[in-house]
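For reference, the chains in residue letters:
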Amino acid sequence: MQQRLKNKVAVITGSTSGIGEASAFLFSKEGAKVVVSGRNKERGLDIVKKIVKQGGDAFFIHCDVSDESSAENLINSSVAHFGRIDILFNNAGIFLPSVEIERLDTEDWLKTFQINLDGCFYVTKFAKKFLIANHGSIINTGSIAGQQDYAAGRSYAYSASKSAIIQFTRMMAKNYAEEGIRVNCISPGVILTPILHGRDPQIYAERIPMKRVGTPEEVAKVAFLASDEASYLTGVVIPVDGGASL
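Treat the numbers as computed from the prediction; the structure is a model and nothing was measured.

A. How the structure looks around the side chain of Asn116. Topologically, Asn116 is positioned in helix α4 (residues 106-133). Owing to a relative accessible area of 1%, Asn116 belongs among the buried residues under this scheme. Within the structure, Asn116 has its side chain in polar contact with the side chain of Ser161 (distance 3.1 Å). For Asn116, the contacting residues outside a window of four places in its chain are Ala92, Gly93, Ile94, Tyr158, Ser161, Lys162 and Ile165.

B. Structural view of the sheet that holds strand β5 (residues 137-141). The parallel open sheet is built from 7 strands, whose spatial order is β3-β2-β1-β4-β5-β6-β7. Sheet topology places β3 (58-62) and β7 (237-240) at the edges, where each strand pairs with a single neighbour. Neighbouring strand axes in the sheet, compared pairwise and without regard to direction, differ in orientation by 20° on average. Sitting on the sheet, helix α1 (residues 18-29) touches β1 (9-12), β2 (33-38), β4 (87-90), β5 and β6 (182-188), and the angle it makes with β1 is about 175°.

Criteria and thresholds
Residues numbered from 1 in each chain as written. Predicted model: local features only at pLDDT ≥ 70, side-chain atom pairs only at ≥ 80, totals over all residues. Heavy atoms only, no water. Helix = DSSP H or I, 4+ residues; strand = E, 2+ residues; numbered from the N terminus. Buried < 20%, exposed > 50% of the residue type's maximum accessible area, 1.4 Å probe, protein only. Polar contact = N/O pair within 3.5 Å; in protein donor to acceptor, adjacent residues only side chain to side chain. Contact = heavy atoms within 4.5 Å. Pairing = 2+ DSSP bridges. Axes fitted to C-alpha atoms, helices over the stretch in contact; angles between N-to-C directions.

Treat this as a map of the structure, not an account of what it does.
Following this line, the structure appears as structure tokens:
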């Protein structure tokens, strides 16, 4: 495999499962030194062990992105361990079961924004100066649920939080391009991860032009956004959804 991320240090939030986990393995294969982070220490350490066994270099840092001090510790500990940060992949997020608006618990609404949006803000806030120093790159995980031309289901909190991430991406890209930071966003569709809460993926597959749900590994291929191959790309929002948002 061509190592497009050779010698770069990548911090990936929410990388103890799903898209984040697949990305940790792929970024490592692409040559990056990877900071695996999340709330599940056991899972995180196991992923690091597997990456190292495959010849990669990885380190686990426990982090709850919804807690500002935890987000700050993630960045400071990453720099202390690897000496730099070149790539920030803001991937941590939750998707709580969809309900009618009047049944949506206020705590669930707040929790969704605290993890999906506030977490993205906190980590980016503390990582920015290190990314500027290395002309780094940020990838944010949005969702087709957050795109203005796509509205489905009753995922009010999730959709609104992901829409905010998409706009946050555009604002960052526009304001910090001159400082050497590229900021892009991916918008996954229905992906076979724990976020489906055990639902039968075939239920969703029938509504997707490609007639199947995606895999975490397919989404992880957006690693190219952090490489020199995407050197003139910033502020883009890429749907990874098998055509579901069409």
